[in-house]
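# A structural walkthrough
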Amino acid sequence: MNTSLAKEYAEALFSLSIDNSNLLDIQNEMKELKQVVMENNEFISVLASSFISLKEKEEIVDKALNSFNEDIRSLIKLMCKNRRISLLIETIDKFNSLANESRGIMEGLVYTIYPLKKEELSLIEKKISEIELVPCELKNIIDSTILGGVKVVINGHIYDGSIKNKIEQMRLTLNK
């Protein structure tokens with residue numbers, strides 16, 4: 001993927017949302033958009049299709065995303081026009097990072113063997129925010145090699161409560 005192009009699209013929407021004083025609203029809608037796109041894999045395929053005219057793609061965007069902010073719909077239409085719609089998820093992620101950085105929110109990763117429910121992720125974010133003394137947003141990564149438990153990587157710190165780590169600590173203790 002072309003990271004720099006996704007970043008340019010994200011920066012354009014970010015600047016627009018700062019100018020319009022609606023950064024938090026746009027960020028929330030972009031998170032919702034990512035969820036919608038992830039649950040409907042064919043959405044990007046349809047918008048990337050060379051068999052569908054740009055006008056039809058714009059109509060699809062307006063109908064499917066009519067509850068979303070006009071700036072978000074315009075961004076998607078522009079990405080369709082420039083044949084860059086395949087960068088949508090990456091653009092959303094980059095926008096979210098820009099918005100979080102401007103709002104003083106630290107981003108990190110939480111590794112588990114199964115997808116966390118929203119409530120579980122929120123509890124972990126709250127605990128890590130208390131430890132790090134800043135608001136945190138964590139992205140859940142599925143990693144079966146940790147065997148169980150939770151591992152969080154944020155701001156250069158690793159909080160490892162995984163079973164794999166506990167076994168390794170026991171092995172080191174027994175080998176002393």
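Here goes a summary of the coordinates provided.

## Describing the side chain of Thr112
- Along the chain, Thr112 turns up in strand 1 (residues 106-112).
- A polar contact is formed between the side chain of Thr112 and the backbone oxygen of Tyr114, at a distance of 2.5 Å.
- Among residues more than four places away in sequence, those in contact with Thr112 are Asn140, Ile141, Ile142, Asp143, Ile146, Gly149 and Val150.

## Examining the packing of helix 2 (residues 23-39) against helix 5 (residues 70-81)
- Relative orientation of the contacting elements helix 2 and helix 5 amounts to 50°, with a least axis distance of 10 Å. Accordingly, the angle class assigned to the pair helix 2 and helix 5 is oblique. Relative to helix 5, helix 2 is oriented so that their crossing is right-handed. Between helix 2 and helix 5, the contacting residues are Ile26, Glu29, Met30 and Leu33 on the first element and Ile72, Leu75 and Ile76 on the second.
- Partitioning the contact of helix 2 with helix 5 into residue classes produces six nonpolar, no polar and one charged.

## With respect to helix 6 (residues 88-102)
- Across its 15 residues, helix 6 extends 21 Å between first and last C-alpha, which sits within 8% of the 21 Å expected from 1.5 Å per residue.
- Along helix 6, the positions that sit buried rather than exposed are Leu88, Glu90, Thr91, Ile92, Phe95, Asn96, Ala99 and Asn100.
- On its buried face, helix 6 sits against helix 1 (3-19), helix 2, helix 3 (42-48), helix 5, strand 1 and strand 2 (136-142).
- Residue Gly104 follows helix 6 closely and has a positive phi angle near 75°.

## What to know about helix 1
- Between its first and last C-alpha atoms helix 1 spans 24 Å; for 17 residues at 1.5 Å apiece the expected length is 24 Å, and the two agree.
- Along helix 1, the residues classified as buried are Leu5, Ala6, Tyr9, Ala10, Leu13, Phe14 and Ser17.
- Ser21 sits one or two residues past helix 1 and shows a positive phi near 55°.

## Some thoughts on the sheet that holds strand 3 (residues 151-154)
- Within the open sheet, the four strands sit side by side as 2-1-3-4. Their pairing is mixed. In the strand order of this sheet, the two ends are held by strand 2 and strand 4 (157-160), each with one partner. In this sheet, adjacent strand axes meet at a mean angle of 20° when their direction is disregarded.
- As defined by bridge partners, strand 3 adjoins strand 4 across four bridges and the pair is classed as antiparallel. Counted as the bridge partner of Val153 is Ile158 from strand 4.
- Sheet strands touched by helix 7 (residues 118-132): strand 1, strand 2, strand 3 and strand 4. Its angle to strand 2, the strand with the most contacts, is close to 130°.

## What about the pattern of salt bridges?
- Overall, the coordinates contain eight salt bridges when judged by the stated rule.
- For Glu137, the salt bridge goes to Lys31, with nearest N and O atoms at 2.7 Å. Of this pair, Glu137 sits in strand 2 while Lys31 sits in helix 2, and the two are 106 residues apart along the sequence.
- Given the relative accessible area of 17%, Glu137 is considered buried.
- Looking at Lys31, the relative accessible area reads 35%, which means it is partly exposed.
- Linking Asp62 and Arg73 is a salt bridge whose minimum nitrogen-to-oxygen distance equals 3.3 Å. Of the two residues, Asp62 is situated in helix 4 (residues 54-64) and Arg73 in helix 5; the sequence distance between them amounts to 11 residues.
- On the accessibility criterion, Asp62 (29% relative accessible area) is partly exposed.
- A residue is classified by how much of its surface remains accessible, and Arg73, at 12% relative accessible area, is buried.
- By sharing partners, the salt bridges in this structure join Asp62, Glu70, Arg73 and Lys77 into a single network.

Conventions used here
- Residues numbered from 1 in each chain as written.
- Predicted model: local features only at pLDDT ≥ 70, side-chain atom pairs only at ≥ 80, totals over all residues.
- Heavy atoms only, no water.
- Helix = DSSP H or I, 4+ residues; strand = E, 2+ residues; numbered from the N terminus.
- Polar contact = N/O pair within 3.5 Å; in protein donor to acceptor, adjacent residues only side chain to side chain.
- Contact = heavy atoms within 4.5 Å.
- Axes fitted to C-alpha atoms, helices over the stretch in contact; angles between N-to-C directions.
- Parallel < 35°, antiparallel > 145°, perpendicular 65-115°, else oblique.
- Left-handed = near helix turned anticlockwise from the far one by under 90°.
- Nonpolar A, V, L, I, M, F, W, Y, C, P; charged D, E, K, R; others polar.
- Expected span 1.5 Å × (residues − 1).
- Buried < 20%, exposed > 50% of the residue type's maximum accessible area, 1.4 Å probe, protein only.
- Pairing = 2+ DSSP bridges.
- Salt bridge = Lys/Arg side-chain N within 4 Å of Asp/Glu carboxyl O.

As far as function goes, none of this settles anything; it's purely spatial.
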